[in-house]
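Summary of the model geometry
Chain by chain, the residues run as shown.
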Amino acid sequence: MSQNILVTGGAGFIGSHTCVALAAAGYAPVILDNLGNSDVRVLERLERITGARPRFIEGDVRDRALLDKLFREQPIGGVIHFAGLKAVGDSVADPITYYDNNVNGTFVLAAAMQAAAVRTLIFSSSATVYGDPDRSPIPEDAPLRPANPYGRSKLMVEQALADLHRANPAWRIALLRYFNPVGAHESGLIGEHPQGKPNNLMPFVSQVAVGLRDKLAVHGGDYPTPDGTGVRDYVHVMDLAEGHVAALRHAEKQPGLVTLNLGTGQGASVLDVVKAFERASGQRIAYEIGPRRPGDVPAYWGDPTLAQATLGWRASRSVDQMCADSWRWQQANPNGYA
Ligand code: NAD
Ligand code: UFG
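A brief report on the enclosed structure follows.

The rules behind these values
- Residues numbered from 1 in each chain as written.
- Chains lettered and ligands numbered in written order.
- Predicted model: local features only at pLDDT ≥ 70, side-chain atom pairs only at ≥ 80, totals over all residues.
- Heavy atoms only, no water.
- Helix = DSSP H or I, 4+ residues; strand = E, 2+ residues; numbered from the N terminus.
- Axes fitted to C-alpha atoms, helices over the stretch in contact; angles between N-to-C directions.
- Parallel < 35°, antiparallel > 145°, perpendicular 65-115°, else oblique.
- Left-handed = near helix turned anticlockwise from the far one by under 90°.
- Contact = heavy atoms within 4.5 Å.
- Nonpolar A, V, L, I, M, F, W, Y, C, P; charged D, E, K, R; others polar.
- Near = heavy atom within 4 Å.
- Polar contact = N/O pair within 3.5 Å; in protein donor to acceptor, adjacent residues only side chain to side chain.
- Areas by Shrake-Rupley, 256 points an atom, 1.4 Å probe, with all protein chains shown as cover.
- Pairing = 2+ DSSP bridges.

Some thoughts on unusual backbone geometry
With an omega of 0°, the peptide bond running from Ser136 to Pro137 counts as cis. Tracing the backbone shows Pro137 in the loop between β5 (120-126) and α6 (149-167). In the Ramachandran plot, Leu35 falls in the positive-phi region, its phi being about 60° despite a non-glycine side chain. In this structure, Ala117 is a non-glycine residue whose phi angle is positive, near 60°.

Written out as structure tokens, the structure is:
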């Protein structure tokens, strides 16, 4: 099997970190990205970290002719498919754009792979497919009831890829359900830089620490959790990246389809994260407890035991390390790659 791995969305947050993990494991990432939510300057950073600049194709995963050309021009051993849109609120406001990018995008990619006889696919799904779970830790066979178009787009793709595998068992597919990816590569050279005001907790906290924002609005202090704030399963993006390499190696061994949670199995509250970030940065994080955010679930975390048993992978980095690495990236790059 070729060591060239097509990484769609490879210029983005999780994709760029996965390119580092792929290179460390001896693979050659080939990035396809339309740069809709990323910056081409990430390539220089990847070169500094790994010693090699990944091949980069600027383009859209929905462009079938481009994909056919890409598969013709070089051998590709497998595909890790990150390209997609991920803002829950935008998906509610503009569902068709979300279904087109996330669902149609995957269909175009899978059809091009089928035509090129490349049948190894690692797909970015999300814990959001579980919606508001009955209990935590959430096992993979928990009920699937996503609460918004973004979550439904992920579930639709999961179901379509399962049908594809049933129709042609030669496919090797991993559906990876991420919990809350945060942190940055330990070099501080790559990380997450959301455009505009961050929706997510960790980038917001980092921007408060570095002085870009005054204070964090804590969305709810009256949840039935130990300190009243929301609890999530934060997972270091490099652990997640290594999970993709483990999933790829597993897929290379035998055809099949696996659905796996990638998380730590432990929950941390908003205030746990605030305190950990204060320890990591030495900065005080001003915050104010405000109303709950509509649509938020009080608390959930994943059961990662199936991923451990199947892949021999487990998340090893602590919340303190997630904060220390986010802080290093944020301090060195207050304006992202700009
Ligand atoms: P990101 O926005 O940083 O990365 C996605 C990349 O895909 C971007 O570089 C973007 O430019 C590119 N892209 C988007 N649509 C494209 C298209 N049609 N063609 C080509 N490129 C396209 O997001 P991320 O956090 O790295 O997320 C990667 C994947 O993981 C997404 O599919 C997301 O839904 C999924 N996911 C993310 C999280 C999270 O909290 N970050 C959680 C669960 C799942
Ligand atoms: N939070 C705040 N203030 C903020 C931002 C977040 O208090 O400014 C709280 C939230 O209320 C929640 C926790 O911090 O309790 C985490 O919120 P995030 O927005 O960082 O993450 P979510 O768990 O809401 O959602 C994330 C991704 C989704 C994905 C989901 C499950 O944003 O796309 O994880 O994988 F679907």
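Some thoughts on the packing of helix α1 (residues 13-24) against helix α8 (residues 237-253)
Relative to each other, α1 and α8 sit at 60°, their axes nearing to 8 Å. It follows that α1 is oblique to α8 by the angle criterion. The chirality of how α1 crosses α8 is right-handed. Contacts between α1 and α8 pair Phe13, Ile14, His17, Thr18, Val20, Ala21 and Leu22 from the former with Val237, Met238, Leu240, Ala241, Glu242, His244, Val245 and Leu248 from the latter. Taken together, the residues of the contact of α1 with α8 sort by class into 11 nonpolar, three polar and one charged.

Details of the site of ligand 1
Ligand 1 sits among 28 residues. The nearest are Asp33, Asn37, Ser38, Asn101 and Tyr150. The separation between a nitrogen atom of ligand 1 and a polar side-chain atom of Asn101 is 2.7 Å. The protein chains hide 94% of the 820 Å² of surface that ligand 1 would expose on its own. Elements supplying a minimum of two residues to the shell around ligand 1: α1, β5 and α6. No other element matches β5, which puts three residues into the shell around ligand 1.

Overview of the sheet that holds strand β3 (residues 55-58)
In sheet architecture, strand pairing relies on hydrogen bonds along the backbone and comes in two forms, parallel and antiparallel. Here we have seven strands laid out as an open sheet, ordered β3-β2-β1-β4-β5-β6-β11, and parallel in their pairing. The open sheet terminates on both sides in strands that have one partner only, identified here as β3 and β11 (256-262). For this sheet the average axis-to-axis angle between neighbouring strands, irrespective of direction, equals 20°. Two elements, strand β6 (residues 172-178) and β11, share seven bridges in a ladder whose sense is parallel. Bridged to Leu176 within β11 is Leu260. The sheet contacts of helix α5 (residues 95-116) involve β1 (4-8), β4 (78-81) and β5, and relative to β4 the element is tilted by about 175°.

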